[in-house]
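Tertiary structure, described
What follows is the residue order along each chain.
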Amino acid sequence: MIRKYIYGTPIETDAVIEQIPPEIGKPDHLTFETDKDGKHVYSCTLADDDIVYGLGEAPRGINKRGHIYESFNSDDPYHTEEKRSLYGSHNFIIVDGDVCFGAFFDCGAPVTFDIGYTEHDRLTVTLSENNYVLYIIEGDSSYEIVREFRRIIGKSYIAPEWAFGFQQSRWSYYTADDVRKVVAGYRDAGIPLDAVYLDIDYMEDYKDFTVSSERFPDFEAFVSEMKDMGIHLVPIIDAGVKIEDGYDIYEEGKEKGYFCKRPDGSDFVAAVWPGRTHFPDFLNSDARKWFGDKYKVLLDAGIDGFWNDMNEPAMFYTDEGVDEIIEYVKNFDFGCNSASKYFELSGKFTGLANRRKDYSNIRHNINGEFVSHDRVHNLFGYMMTRAAAEGFKRLAPDKEILIFSRSSYIGMHRYGGIWTGDNQSWWSHILLNIKMMPSLNMCGFIYSGADLGGFGANCTRDLLLRWLAFGIFTPLMRDHSALGTRNQECYSMGDIKAFKGIIKLRYRLLPYLYQSYLDACNNNDMMIKPLAFGYPDDRQARHIEDQLLVGDSIMITPVYEQNAVGRYVYLPEEMRLLIFKDADVNRTEVLPKGVHYIDVALDEVPIFIRKDKELPLCAPAQCTAKLNREINDIFC
Ligand code: MIG
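Residues numbered from 1 in each chain as written. Predicted model: local features only at pLDDT ≥ 70, side-chain atom pairs only at ≥ 80, totals over all residues. Heavy atoms only, no water.

1. Some thoughts on the layout of surface pockets
By volume, the largest pocket is sized at about 510 Å³. If you trace the largest pocket, you find 16 residues lining it, with Tyr 157, Ala 389, Lys 393, Arg 414 and Tyr 415 closest to the centre. Ranked by residue count, the leading element in the lining of the largest pocket is helix α10 (residues 380-395), at four residues. In terms of lining residues, the second largest pocket is bounded by 23 residues, among which Trp 171, Trp 273, Met 310, Arg 406 and Asp 422 are the most central. Tallied by class, residues from the lining of the second largest pocket come to 15 nonpolar, three polar and five charged. (1 Å grid on protein atoms, 1.4 Å probe; cavity = no way out; pocket = protein on both sides within 12 Å on 5 of 7 lines; lining within 4 Å. Points joined across faces, edges and corners; volume = space filled by probe spheres on them. Helix = DSSP H or I, 4+ residues; strand = E, 2+ residues; numbered from the N terminus. Nonpolar A, V, L, I, M, F, W, Y, C, P; charged D, E, K, R; others polar.)

Written out as structure tokens, the structure reads:
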């Protein structure tokens, strides 16, 4: 049962595609109030054992209780526990208790979810503007509520099968030869690989839809050389368009009025990678069409995969911000408390990036209306990715194209996938990855994954192995790392045998994983679920967050602690344990319901088969193009 409530005159987000007649009156389950600033606030009491699910890409656990989250798409590379916002805004929550209900706050402006933070037993949702749509979803279980919700937001984007192959990225592989070396590294090591990413340095001066002819001479020939080896090249596209006379995208956008504006009607300027840039106004459907068509030049070169970055949109600084700082520094007074002055001063500089004040200065043209960015901030990356996906449909209707985005909002799940942004090579971020996957699935983002091995900081061999051993179960399986960090390609991490075994297992699992993925997309279902969704009557399973169900047949229990030689697992029923090593079963036993300690060496992957279920495997291959999908092993 879904009820829809409209408040004020909301800006259409296109998150929900099902026609639902709106209700008059107040929603059930939540108490409605207006706070002292006139903001709309919804709240309810939480009983001790209630779980709050949802929020998709957000810090912390599967159960969102005990923290405060703000939907405000943010470029923040330090995903520490106290953070309230990441790159996406997925305003869907479920309160799972004696009564279960879901709520989706459909609003492009910031929304705050205080889930037992201010008061441990209270959920409070505060909207930053009073024009929005609220959906209340009832069902017998959280799982059922998820499926109801997914039905109204429409079918999730389906990525091509090759995008389930193993993918290697780095900021940056600078030249065609750098890329060739990576491919040779993998092929020589006998480790499967399907894609290599091109980060910002493939472009000419960071200009979207250009390719440096110096670093990638004859790009088209290079793309096909790679394709012949079974390798897809996946270039990055940034949200900011470089301001440069003679650069066609800039000239056209300026002439047609397709860039975001300042309040005075001039084109908004922010500094990002290319220096001064304008942001295409993705909220404007004409600008969207225009930008989407620009992908053509890369499609024509044979490219069939893209990642859209910096689309929160991220800004390093604006002229206004710099001017303010100069003024501040000119008038700087040491005062009598030098420490507080020091923090004030340094804060001014680090605070230059992504200033709320700058965002507030952006204006959009939405169907002819001049709209403040504050009202639609969380839709920007979504609309950029929609522009791309709609472009692909026009330009290459028969081609399956990989597209995923950093920033997102519910609704974007129909157009592309996401990666979870700039994590770190920290053990805690394997766990964050594990806990985020089911929440993303609830919100429709099935094709998703984290930077395996971690983006920032230096990775170690054991961290990468453990992370990959989890990553083989996530749709996007990509190793990516930041500029200045230690090399993180599997072949550059010492003895390659363990890497080879783990990644080959991914390919052996591909028929099972891709089918599970398709089923989830086609049936508004989840591919990766919390244990509680499979065993709703099991009190112990209800609170477990480090074991997940993947597809219908298996439970996974990743190891995510350094120097651990195994881990405790809880079995809600009798299951068969398979310990894989070198992509084959090394040990297997049937374990009864209950708690067990299992040994898992660094080169091993544990998989539990659920009772009366089967796990089919095919033979591994060096890339999906060479994969024989015939099943050669079935475990049960
Ligand atoms: O300011 O393109 O999240 O994956 O490697 C950093 C360089 C910009 C952020 C992305 C990351 C990418 C990096 N980008």
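Moving on from the coordinates now.
2. Looking at the packing of helix α11 (residues 428-442) against helix α12 (residues 461-471)
Here α11 crosses α12 at 10°, and the two axes come no closer than 10 Å. In terms of axis orientation, α11 runs roughly parallel to α12. Residues His 429, Ile 430, Asn 433, Ile 434 and Met 437 of α11 lie in contact with α12, whose contacting residues are Leu 463, Arg 466, Trp 467 and Phe 470. Grouping the amino acids of the contact of α11 with α12 by side-chain chemistry returns six nonpolar, two polar and one charged. (Axes fitted to C-alpha atoms, helices over the stretch in contact; angles between N-to-C directions. Parallel < 35°, antiparallel > 145°, perpendicular 65-115°, else oblique. Contact = heavy atoms within 4.5 Å.)

3. A short note on the sheet that holds strand β3 (residues 40-45)
Strand order in the open sheet made by the five strands is β2-β3-β10-β9-β5, with antiparallel pairing throughout. Two strands lie at the open edges of the sheet, namely β2 (31-34) and β5 (67-71), each paired on one side alone. Averaged over neighbouring strand pairs, the angle between their axes works out to 15° when direction is ignored. As paired elements, β3 and strand β10 (residues 122-127) share five bridges and run antiparallel to each other. Counterpart to Cys 44 in the pairing with β10 is Leu 123. (Pairing = 2+ DSSP bridges.)

4. Thoughts on the site of the ligand
Residues in close proximity to the ligand total 13 residues, the closest being Asp 199, Asp 309, Arg 406, Asp 422 and His 480. The separation between an oxygen atom of the ligand and a polar side-chain atom of Arg 406 is 2.9 Å. Take Asp 422: an N or O atom from its side chain is 2.4 Å from an oxygen atom of the ligand. In isolation the ligand offers 350 Å² of accessible surface; the protein chains occlude 95% of this area. Along the lines of polarity and charge, the residues of the shell around the ligand split into eight nonpolar, one polar and four charged. (Near = heavy atom within 4 Å. Polar contact = N/O pair within 3.5 Å; in protein donor to acceptor, adjacent residues only side chain to side chain. Areas by Shrake-Rupley, 256 points an atom, 1.4 Å probe, with all protein chains shown as cover.)

5. Describing unusual backbone geometry
Residues Trp 171 and Ser 172 are joined by a peptide bond in cis, for which omega reads 0°. Mapped onto the secondary structure, Ser 172 falls in the loop between β12 (167-168) and α2 (176-189). Located in the positive-phi region is Asp 14, a residue other than glycine, with phi close to 60°. For Asp 14, the location among the structural elements is in the loop between β1 (2-7) and β2. At Met 310, a position not held by glycine, the phi torsion is positive, near 60°. By the element assignment, Met 310 lies in the loop between β18 (305-309) and α7 (319-330).

6. Some details on a nonpolar patch on the surface
Where nonpolar side chains cluster on the molecular surface, the patch consists of Val 565, Tyr 568, Val 595 and Tyr 597 and spans about 440 Å² of accessible area. Locating Tyr 597 in the fold gives a position in strand β33 (residues 594-599). (Patch = residues over 30% accessible without salt bridge, like charges linked within 9 Å, V, L, I, M, F, W, Y side chains within 5 Å. Salt bridge = Lys/Arg side-chain N within 4 Å of Asp/Glu carboxyl O.)

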